[in-house]
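# Remarks on the overall topology
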Amino acid sequence: MQTIASSRQAYLDWLRILAIFGVLIFHSSMPFGAELEWHIRNKETSNLFLELVVFMHLFRMPLLFFISGTVSYFMLQNRSGGGFVALRTRRLLIPVLLAILVIVPPQVYLERVTQGYTGNFWQFYGEMFTSGAYPKGNLSWHHLWFVAYLLIYDLICAPLFVWMLSPKAQNFRDRLLWLAKGKRVYLLALPGVIIFTAFSLQYPETNDLVHDWCYFFYWLCFLIPGFICITQPALMDSLERNRRFAFLMAFLSIVTINYFRWNDLQPWDLLNNWKQDPRTFAFLALKAFCGWAWVFALIGYGKKYLNKPHASLNYINQAVYPFYILHQTIIVILAFYVVKTTDTIGAKYIFIVITTFISSMSIYHLLIRPYNITRFLFGMKPAKKQQQNKEDVLMTDKQVLIPAS
């Protein structure tokens, strides 16, 4: 009989921290990448930043959803299904509402200014609620789509997750050992690859929940395997053991994809009936496979080399959720002014990354972390409870760091 993990594992926290930092790198690139559409755009663009965006988009959100599946597992360790739903609703829904009402409006306003809007922010804000949903209207959750989707996923999957951790599912957990042998763990990627291949052309990514039929289920295909893999530790051990193979597959697939891209050999570049041609679906499958390979490689290498607690981990791990909520608005505000300068693209990019990081962390440390009202609004635990949890960790000599999202 296989025992299941009961305490938080540091490598998952480090990977989550690195993934959120990667989002900063990604979004700071958006004003400068060639051929991209974003809220604020620089007059001169760079193909190198385009490549960075294309590469990171393959695995940045899949990795976050996979890790979010493991977070749900740890949150259910000492809670009922109802307690889990209540906790996730509080920590995810409140920040989404905060984003819609406070965090995101400056992003939309500055974008509209670049498009010719002449009113001030307060005029814009008064009109925002009657304009309809973005992009036609001005009401939006923008980058908080990830949090909104995560909330819906946890509400939908709560019964499944509770069952998987119950004694009734012991036989199911034991059967998962079959996937831990050899390289069978990679079969977990199959549903996601099939969904992306079959539906991504018909339903392109929108992040609006309502029309996002392909990606809504595609992202879910990362969250559930994350929960499954942490439920059966042998699967995580298999990812660690096969990390070099995963890295090889990730490397070969991205090289192949870029060979076709850089030589204008993608199906839509060559084929007249590319939407029906089997080669198009083979190329789409390769892109999904590439994303999965990078996720598996990062999890495997993370488990091998990052499973090390550190005194700073608790502080950083609490900061990443508010950091995520804040970062894009700061990027957009900075980019609105930075793109008007005559500095080089590289200098503008570095300035945005460094200033956004410092600004986001300063707001967190000075205005969010010390006060329970702002902690509540940004999906954090109350300060007193955090302190009690810290004392419990010291007393039991166990690491139980639970991310906020």
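Since the structure is predicted, the reported quantities are computational estimates derived from the model, not experimental observations. (Residues numbered from 1 in each chain as written. Predicted model: local features only at pLDDT ≥ 70, side-chain atom pairs only at ≥ 80, totals over all residues. Heavy atoms only, no water.)

Scanning all chains against the criterion turns up five salt bridges. Lysine 303 serves as the salt-bridge partner of aspartate 237, at 3.0 Å between the closest nitrogen and oxygen. You can see aspartate 237 sitting in helix α11 (residues 233-241) and its partner lysine 303 sitting in helix α14 (residues 278-305), a full 66 residues away along the chain. Since its relative accessible area comes to 35%, aspartate 237 is described here as partly exposed. A single network of salt bridges, built from pairs that share partners, joins Asp237, Glu240 and Lys303. (Salt bridge = Lys/Arg side-chain N within 4 Å of Asp/Glu carboxyl O. Helix = DSSP H or I, 4+ residues; strand = E, 2+ residues; numbered from the N terminus. Buried < 20%, exposed > 50% of the residue type's maximum accessible area, 1.4 Å probe, protein only.)

Attention shifts here to helix α16 (residues 345-368). Counted at 1.5 Å a residue, the expected span for α16 with its 24 residues is 34 Å, and the 32 Å between its end C-alpha atoms agrees. Taken as a whole, α16 has its buried residues at Ile345, Lys348, Tyr349, Ile352, Val353, Thr355, Thr356, Ser360, Tyr364 and Ile368. (Expected span 1.5 Å × (residues − 1).)

Below, the discussion takes up the UniProt feature "domain: Acyltransferase" (unreviewed entry) in the protein. As recorded in UniProt, the sites labelled "domain: Acyltransferase" (unreviewed entry) are residues 10-364. Here residues 10-364 runs as 71% helix and 0% strand, with 22 Å between its end C-alpha atoms. (UniProt positions renumbered as here; feature names shortened; annotations may be inferred.)

Moving on, we come to the packing of helix α9 (residues 190-199) against α14. Axis separation between α9 and α14 bottoms out at 8 Å; the angle between their running directions is 140 degrees. Viewed along their axes, α9 and α14 adopt a mutual orientation that is oblique. Crossing of α9 over α14 shows right-handed handedness. Contact with α9, carried on its side by Gly192, Val193, Phe196 and Thr197, involves Phe281, Leu284, Ala285, Lys287, Ala288, Phe289 and Trp292 of α14 and no other residues of that element. Looking at side-chain class alone, the contact of α9 with α14 contains eight nonpolar, two polar and one charged residues. (Axes fitted to C-alpha atoms, helices over the stretch in contact; angles between N-to-C directions. Parallel < 35°, antiparallel > 145°, perpendicular 65-115°, else oblique. Left-handed = near helix turned anticlockwise from the far one by under 90°. Contact = heavy atoms within 4.5 Å. Nonpolar A, V, L, I, M, F, W, Y, C, P; charged D, E, K, R; others polar.)

Attention now moves to the packing of α9 against helix α10 (residues 213-231). Put simply, α9 and α10 touch, their axes get as near as 8 Å, and they point 165 degrees apart. Between α9 and α10, the angle is such that the two are roughly antiparallel. For the pair α9 and α10, the crossing hand works out as left-handed. Of α10, the residues touching α9 (which contributes Pro191, Gly192, Ile195, Phe196 and Phe199) are Cys214, Tyr215, Phe217, Tyr218 and Cys221. Its residues placed into classes, the contact of α9 with α10 shows nine nonpolar, one polar and no charged.

Before going further, it helps to spend a moment on the state of the cysteines. Taken as a whole, this structure holds zero disulfides when the rule is applied. Free cysteine cysteine 290: the closest other cysteine sulfur is in cysteine 214, separated by 16 Å. Look at cysteine 290 and you get buried, because its relative accessible area is 0%. (Disulfide = S-S within 2.5 Å.)

What follows is about a nonpolar patch on the surface. Residues Phe245, Phe247, Leu248, Phe251, Leu252 and Val255 make up a contiguous nonpolar surface patch of about 520 Å² in total accessible area. Relative to the helices and strands, leucine 252 is located in helix α12 (residues 243-262). Residue classification places leucine 252 among the partly exposed positions, given a relative accessible area of 40%. (Patch = residues over 30% accessible without salt bridge, like charges linked within 9 Å, V, L, I, M, F, W, Y side chains within 5 Å. Areas by Shrake-Rupley, 256 points an atom, 1.4 Å probe, with all protein chains shown as cover.)

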